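# Survey of secondary and tertiary structure
One letter stands for each residue in the lines below.
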Amino acid sequence: MDRKLVKKTWTPKLIALIALGVLLISFVLYQLVIADSRASMNVERERISVATVRDGEFTDYIPVSGIIEPAEIFYLDAIERGNIQRIVRESGAMVEVGDTILILTNSNLQLDVMQRETDLYFQINNLRQTRLMLDQNDLNQQAALAEIDYQINLLKPQYERFLELHEKKLISDRELEEVREQYDYNVKRKRLTYESYRNDSLARDIQKRQLRDSESRMQQSLSGVGHILDNLVVRAPIAGQLSTEQIEVGQSISAGQRYGQIDILDKFKVRVPIDELYLPRVGIGLKGTFTFSGNSYELEISKIYPNVSGGRFEVDMVFPDEVPTGIRRGQTVRIRLELGESEKTVLLPTGGFYKDTGGNWVFVVNEKSGKAERRSIRLGRKNPEYYEVLDGLTPGERVIVSGYENFGRNEVLNLK
């Protein structure tokens, strides 16, 4: 007898299809809700450098190099042109004030000096002759006055006697008149001669004073001309160490040519070139430090040369306190130049990441998940060791500081 078969609803095939659908839906939901869809790549830990963000003192400084120079230098420039006849002191020698350094020779200059001396002597002699003529003229006028006084002294008693005799009618009017005319003539002559002498004396005094001044100037010129040849013997104006250019006997030196210098070695300074980027931030009084023979020494900016050449400007730094023992001219020192005061802040060590991100973002490491995730940050000032963190990082977090050039556009790094 036939039996009716009941059709099963949950067949193995149906159950398998439902299970497959549930798995597919679950995977989609996982990818949409739970799974990280950001671009990622695998990175070996050995190929990256990781640094820890920390609290600390941020010192705004830059490293610069400077060259030791004497604090005082006296440059040697030729006053007169000439050929080197003899080199008395070689470069590097220690000299005292007045020591002979070079002896020059210049035949044309010697002849010129002789001619100028002859001309000056001739002019001085002419002035003296003029002064003698003025003195002689003065004596002649005084002699004329003396002669007039003599005549008046002779005529006055005679005139007085003739007056008495005329009153007694012992002489004629004509005789009295002759004596009176002679006497009045000499009195009038004395007055005119004296007036002329007085005016001439005033003029002579002015002229003689001018002659004395002219002669004094000529004597000074004569002395100066005599010292011109002294300039052919070059002497040290100060004590110190002589440093000259490459010079040889017979070499010609032009007037005004700089051929050397004398360094005063009891004081030193440091000439420091600095990138023009820092020109607005560099001022007189900024301090720096450097290490010499295991000891730290302080320097201070004393002068700024604002002229920029090759993208750099220069400053002079001096030792405000102790000068290192054994330091020598021409030595190079590495200086830590401070541009501002130290400040408590969050610090991130420097690294190659900055050239790839501009300091706008970094990869922050999560040690628990073994991943490094991209995060936006904001950095402030920079020194050779640290960046100042303004926002985006907290002390204790670890950041990949090596270069990011191989990470592409990935936002998550799987650290292996």
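Shown above is the structure to which this text applies.
Summary of the structure given here. Nothing here was measured: the structure is a model prediction, and the numbers come from that model.

Among the nonpolar cores identified, the biggest contains 29 residues, and Ile 84, Ile 101, Leu 102 and Ile 262 are the most heavily contacted of them. When residues of this core are traced back to their parent elements, those giving at least two are β5 (82-87), β7 (100-105), α2 (107-167), α3 (173-228) and β11 (258-275). Broken down by element, this core gets its largest block of residues, six residues, from α2. Residues in contact with Leu 102, not counting those within four places in the same chain, are Ile 84, Arg 86, Ile 87, Leu 232, Val 233, Val 234, Ile 247, Ile 253 and Tyr 259. Core analysis: the second largest hydrophobic core is formed by 25 residues, Ala 51, Val 53, Trp 361 and Ile 400 among them.

This structure, assessed with the given rule, holds 26 salt bridges. With a shortest N-O distance of 3.4 Å, Arg 116 and Asp 112 are connected by a salt bridge. Of this pair, Arg 116 and Asp 112 are both found in helix α2, four residues apart, which corresponds to roughly one turn of the helix. Classification of Asp 112 by relative accessible area gives partly exposed; the value is 34%.

Moving on: the packing of aromatic side chains. If you walk through the whole model with that rule in mind, you get eleven aromatic pairs. Here Phe 363 and Phe 407 contribute two aromatic rings whose centre-to-centre distance is 5.5 Å and whose plane-to-plane angle is 80 degrees, an arrangement assigned as edge-to-face. One end of the pair, Phe 363, is in strand β17 (residues 361-366); the other, Phe 407, is in the loop between β21 (398-400) and β22 (412-415), with 44 residues separating them in the sequence. A residue is classified by how much of its surface remains accessible, and Phe 407, at 6% relative accessible area, is buried. Considering the side-chain rings of Tyr 404 and Phe 407, the 5.5 Å spacing of their centres and the 35 degrees angle between planes classify their relative orientation as tilted. A connected cluster of aromatic rings, assembled from ring pairs, spans Phe 353, Tyr 354, Trp 361, Phe 363, Tyr 387, Tyr 404 and Phe 407.

Cut-offs and rules
- Residues numbered from 1 in each chain as written.
- Predicted model: local features only at pLDDT ≥ 70, side-chain atom pairs only at ≥ 80, totals over all residues.
- Heavy atoms only, no water.
- Core = buried A, V, L, I, M, F, W, Y, C linked by side-chain atoms within 4.5 Å.
- Buried < 20%, exposed > 50% of the residue type's maximum accessible area, 1.4 Å probe, protein only.
- Helix = DSSP H or I, 4+ residues; strand = E, 2+ residues; numbered from the N terminus.
- Contact = heavy atoms within 4.5 Å.
- Salt bridge = Lys/Arg side-chain N within 4 Å of Asp/Glu carboxyl O.
- Phe/Tyr/Trp six-rings, centres within 6.5 Å; stacked < 30°, edge-to-face > 60°.

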